[in-house]
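# Chains, contacts and geometry: an overview
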2 protein chains.
Amino acid sequence: MAGQRSWTDELSRALDTEMALADRLFRKLKERTGNPSGKGVVRDSYGKGEQIAHEICTEAARALDLDVSTDFAGNLYMTLPGEDRAAPAWFTGSHLDSVPSGGNYDGAAGVVAGLAALAAFRRAGTKLARDVTVVGTRAEEVGSWFTGRHSGHVGSRAALGLFSEEELDSAVRQDTGLSMRRHMEQSGFDPKALFASPPHLAPSRLKGWVELHIEQGPVLEREGYPVGVVTGIRGTVRARDAACIGAYTHSGAVPREYRQDAVIAAADFIGAMDQAWERVLARGGDLVFTVGKLYTDASVHALSKVPGEVRFCIDLRSQDETVLQEMAELVQRHAQAIGKKRRVRFEIGPVSTQHPAVMDATFRRTLMEGCRALGIAAMDIPSGAGHDAAEFAHVGVPAAMIFVRNANGSHNPDEAMEMDDFALATRLLAWFFTTR
Amino acid sequence: MAGQRSWTDELSRALDTEMALADRLFRKLKERTGNPSGKGVVRDSYGKGEQIAHEICTEAARALDLDVSTDFAGNLYMTLPGEDRAAPAWFTGSHLDSVPSGGNYDGAAGVVAGLAALAAFRRAGTKLARDVTVVGTRAEEVGSWFTGRHSGHVGSRAALGLFSEEELDSAVRQDTGLSMRRHMEQSGFDPKALFASPPHLAPSRLKGWVELHIEQGPVLEREGYPVGVVTGIRGTVRARDAACIGAYTHSGAVPREYRQDAVIAAADFIGAMDQAWERVLARGGDLVFTVGKLYTDASVHALSKVPGEVRFCIDLRSQDETVLQEMAELVQRHAQAIGKKRRVRFEIGPVSTQHPAVMDATFRRTLMEGCRALGIAAMDIPSGAGHDAAEFAHVGVPAAMIFVRNANGSHNPDEAMEMDDFALATRLLAWFFTTR
């Protein structure tokens, strides 16, 4: 097996030892980015919380004497030099932001695992064939913070030249009202220089991208595996800022036929999309459909008013491009038909899409070999959530992902990853880098 | 005709003249209770805006040398003495509060009309057979301000002995978080004394209650009548504080069968109630159904989270007690069934009811006679909205209502009552008091 050359008992023991570093980093992240109101963590994309997480990791990387740098978009690169510094390097890591009131592990686990692996290489004196760079990306959870027209995963897309200058100004943070450009500038980065220079990461510089991440669904937990090897990543079709506009009027005095009730129309629309979802699943298709936000206007709504407006968002995901397109068309068709029938106007607003991504077959095979070699019980698993890994795959970089079992899902304060499972996944990650 | 004795040309001219008083009062109300953020008026029940409206009317009543008093709940009584002061008196008026961002006429028009009529009686030297008291009631719109367990129309119910002490503490204002008891006390009234004394208004003291109010639906406008004589008032079944509780989780990574999506379940519930509404109308029944508020939790919800909670309210109204009961049961049945099917829990919370009320047949006939005598085009009309008049009817006081045509509905900032229509309705009201 290719990895046997540099996989030693010393390295194995060093990985155990460095779990203490991982523990410290997770604790520090939780303490310093905890939600002041008490629930979960707040690492806002291009905001204070994300910045603190980057500082914590930078400090740890310096203590390990890694090469530390950032790009114009603020992504953080922490490199352990290999024997051949000119050879295409391994890249690993994940994002350091979170959703509002998110959990401590979503994103951060990938960066902490990378740092723990590099610390173990240092401790064991393992010299790898090529550089390994741990990346802390920016603004992967941008969709939970920025509204307007943007295509998500800002940090990795900026590094790979997939981010467009228009997004800089059209993406606006919901809480501050400021554009992404302003937020990047305020965080000390240089969006101007970003678009005046070639992409920071040319695909040819990368041997591959391997991202460790907690599973965000219940599958590993329910199936009883500590680790999953990801097969592919769902693409998305999203409307962040949809609305249904009717007319406010008295709830008691206006007969049904004169009403323009935004809430009943929106319920009708959601019901119709839910039925379409059921039909796709019934024919064996892959799809999830979510309306994560739905709200009447608190400054106007009342018990005794027919609601004249309701705002909502739409999140559709599938591994199948055709299903995504079909659903995107259905959103418009239902909006039109229900709007007409219910005398209201749907404004779906900007719709952003991310294409599905397939993980590298050779990497997947190697990772499964690693699990057998290390005695880790693992299963193949699709990724329902989007990840930076998808962006690397889109530009032709071979990409893989390792999922860690995690109870209670992610994007919520109750994430529960066991450190024992994390240790196994980190071991697999380190093993992978010793193979070539 | 009974009214001919005291209906004189002088009184008719005086009513025209006193429209200037009405104009001044409406203008003052609008100026002093205008919404600082710009939309409509804010006369919050047992709050600052309602208090200002009461002060404006008190000042006007004193200028007309009426007998002015309040009861322990803060209702305002402004009386023009009649020939026989011991005889049961006419009571008229309406409420002086508004919904949040409400219109200037809903409620206030009834008090202003009463004051204009009394001013005209004074000016014309008309001596009436019995006292006429204009009442400015408190907290008729309480449902838009106070959550918790209460049965609405607090002012009139308190005056008539229909208000219960439990409501004082269980009703809590949504913006301040304070109980109704605290709000009454802060406004200078005496809830303790209220429950230590007999009701302020014994039904035997009242010859009848006649309330002028803008129409809150589009019927008079569409049918082309300036004035409507109300046949009956819809009862209500209301849940102010309903919720659907599921579980927050990742919107991409969790398959349909593991989800507990509160929004899709709530949409299903609203859709089921909407279909039930259609069925009642199809069989000729009377019903309106409204979900005026519907909102996920802004501090937790996100584009990429399955929503774990959505809160909403339910407002059902009918002239038919049986339909109301049927719908109240259906709410519970659908909540149960959809909760089970969708793996969520509906918490419908306290349900308050107001019974339908029938207007006095003799009063209705007399008012229609008045319309013919005065040359006013009028039609019979049901009231979809609840009114203080219903409470008087419930305790056996003969009650009637005069509706004034009003474009754009009420409970919104765009109410549009023409002063010409208001003048006709006020004339009808004054004429009615001269009949007996």
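Everything numeric in this text was worked out from a predicted model, so none of it was measured.

### Observations concerning the interface of chain B and chain A
Counting from both sides, the interface comprises 59 residues of chain B and, opposite them, 59 residues of chain A. For the side of chain B that touches chain A, the elements supplying multiple residues, two or more each, are β9 (235-245), β10 (249-250), α9 (262-282), β11 (288-290), β12 (294-296), β13 (305-306) and β14 (309-318) of chain B. At 9 residues, the largest contribution of residues to the side of chain B that touches chain A is made by α9(B). Considered class by class, the residues forming the side of chain B that touches chain A number 26 nonpolar, 22 polar and 11 charged.

### Notes on the domain arrangement of chain A
Residues and elements named next belong to chain A. Split by domain assignment, chain A resolves into domain 1 (2-234 + 356-433) and domain 2 (236-354). Distance between the C-alpha centres of domain 1 and domain 2: 34 Å. Contacts between the two partners involve 14 residues from domain 1 and, on the opposite side, 13 residues from domain 2. A class-by-class count of the residues in the side of domain 1 that touches domain 2 yields 3 nonpolar, 9 polar and 2 charged.

### Some remarks on the relation of the copies chain B and chain A
Least-squares fitting of chain B to chain A yields an RMSD of 0.1 Å, with the transformation described by 0.0 Å of translation along the axis and a rotation of 179 degrees. One copy is carried onto the other by what is essentially a two-fold rotation axis.

### Quick word on helix α1 (residues 9-17) of chain A
All names here are of chain A. The set of residues buried in α1 consists of L11, A14 and L15. Axial view of α1: buried residues confined to an arc of 100 degrees, hence all on one face. Looking at α1, the residues exposed on the side facing more than 90 degrees away from the buried face are D9 and D16. Looking at the buried positions of α1, the neighbouring elements they touch are α4 (108-124) and α14 (419-433).

### Things to note about the environment of G370(B)
All names here are of chain B. Counting through the fold element by element, G370 comes out in helix α11 (residues 361-374). Placed 359 residues apart in sequence, G370 and L11 show a C-alpha to C-alpha distance of 15 Å. The contacts of G370, once residues within four sequence positions are left out, are L428, W431 and F432.

### So, the environment of T92(A)
All names here are of chain A. With respect to the helices and strands, T92 occurs in strand β3 (residues 89-95). Among the residues examined, T92 registers 27 C-beta atoms within 10 Å and is labelled buried. Separated by 116 residues in the primary sequence, T92 and G208 place their C-alpha atoms 8.3 Å from one another. Once residues within four sequence positions are removed from consideration, T92 is found in contact with G114, V132, V134, V210, E211 and L429.

About the criteria used
- Residues numbered from 1 in each chain as written.
- Chains lettered and ligands numbered in written order.
- Predicted model: local features only at pLDDT ≥ 70, side-chain atom pairs only at ≥ 80, totals over all residues.
- Contact = placed C-beta atoms within 7 Å.
- Helix = DSSP H or I, 4+ residues; strand = E, 2+ residues; numbered from the N terminus.
- Nonpolar A, V, L, I, M, F, W, Y, C, P; charged D, E, K, R; others polar.
- Domains from an automatic or database assignment.
- Least-squares fit on C-alpha atoms with pLDDT ≥ 70 in both.
- Buried ≥ 20, exposed ≤ 12 C-beta atoms within 10 Å, placed from the backbone.
- Arc of directions from axis to C-beta.

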